[in-house]
Amino acid sequence: MNRSRLLLATSNKGKLEEFRSALVSLPFDFASLQDFRGLPPPSEDGTTFRENARLKAQHYSQLTGLPTLADDSGLCVDALGGAPGIYSKRYAATDAERIQRLLRELKGFGEHERSARFVCALCFFSPEQILEVEATVEGKIIKEPRGTSGFGYDPIFWYPPLGRTFGELSRKEKNLISHRGKALAKLHEALQP
Ligand code: ITT
């Protein structure tokens, strides 16, 4: 059977690995932005995760002619009024600096004031079909990074049911419970032939 190609449109390596591992059983050949070097980036000027995911997916689908999956995600911290939220990537220049900034902003906040959630919006965009799904996972921000797995804010995101940070989970464990894992499971179901 002729399998169609699906573009996994992210320049974030951590996301790409999680996509591949969660979607492996779908009947697509996966392409990535590595296969389309030099494409201009989309303008992510939406006001919600959902809008930004749609902007990215539509942008890359129209440039490549391929069905495209894009993700917009981030960390929302209650004590900071939901920041960094859709600005999670732009919070600082590197993962380490983003973590340091967040820990600085939360200095002085006690154990019970550090609740947070990761949010993930996915958009599958093709000329025939647009699918949008969203999922969240609740946790709290600890005071010192723990673990080296995953990416981004994972080492400071404490997940109470497992008593570990996301930085201490394998990719498989993270995909079972994370915002992205849950959103990918919904998408997987919707895309089943
Ligand atoms: P693409 O737009 O190319 O997909 P990006 O990293 O620029 O990649 P976003 O604009 O969606 O993506 O930014 C999301 C940021 O939120 C990401 O860079 C991390 O800092 C953080 N983030 C999202 N999901 C995360 C996760 O599962 N673990 C840790 N941090 C995460």
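Structure shown above.
Everything numeric here is computed off the predicted structure, so don't read it as measured data.

Student: I'd like a description of the site of the ligand, backed by residues and values.
Tutor: Taken together, 21 residues lie around the ligand, and Thr10, Ser11, Lys56, Asp154 and Lys174 are the ones closest in. A distance of 2.6 Å is found between an oxygen atom of the ligand and a side-chain nitrogen or oxygen belonging to Lys56. Taking Lys89, its side chain carries an N or O atom lying 3.2 Å from an oxygen atom of the ligand. For the ligand, the protein covers 95% of the area, taking 620 Å² as the surface of the free molecule. Residue assignment for the shell around the ligand shows that the elements contributing at least two residues are strand S3 (68-77) and helix H5 (179-191). Broken down by element, the shell around the ligand gets its largest block of residues, 4 residues, from S3. Broken down by class, the residue content of the shell around the ligand amounts to 3 nonpolar, 8 polar and 10 charged.

Student: Please set out the pattern of salt bridges residue by residue, giving values where relevant.
Tutor: Applying the stated criterion across every chain, the model contains 17 salt bridges. Across the pair Glu105 and Arg101 runs a salt bridge whose closest N-O atoms are separated by 3.1 Å. One end of the pair is Glu105 and the other is Arg101, both in helix H3 (residues 95-105) and 4 residues apart, which spans about a single turn. Under the relative-accessibility criterion, Glu105 is labelled partly exposed at 36%. Glu168 is the partner of Arg146 in a salt bridge, and the nearest nitrogen-oxygen pair spans 3.2 Å.

Conventions and cut-offs
- Residues numbered from 1 in each chain as written.
- Predicted model: local features only at pLDDT ≥ 70, side-chain atom pairs only at ≥ 80, totals over all residues.
- Heavy atoms only, no water.
- Near = heavy atom within 4 Å.
- Polar contact = N/O pair within 3.5 Å; in protein donor to acceptor, adjacent residues only side chain to side chain.
- Areas by Shrake-Rupley, 256 points an atom, 1.4 Å probe, with all protein chains shown as cover.
- Helix = DSSP H or I, 4+ residues; strand = E, 2+ residues; numbered from the N terminus.
- Nonpolar A, V, L, I, M, F, W, Y, C, P; charged D, E, K, R; others polar.
- Salt bridge = Lys/Arg side-chain N within 4 Å of Asp/Glu carboxyl O.
- Buried < 20%, exposed > 50% of the residue type's maximum accessible area, 1.4 Å probe, protein only.

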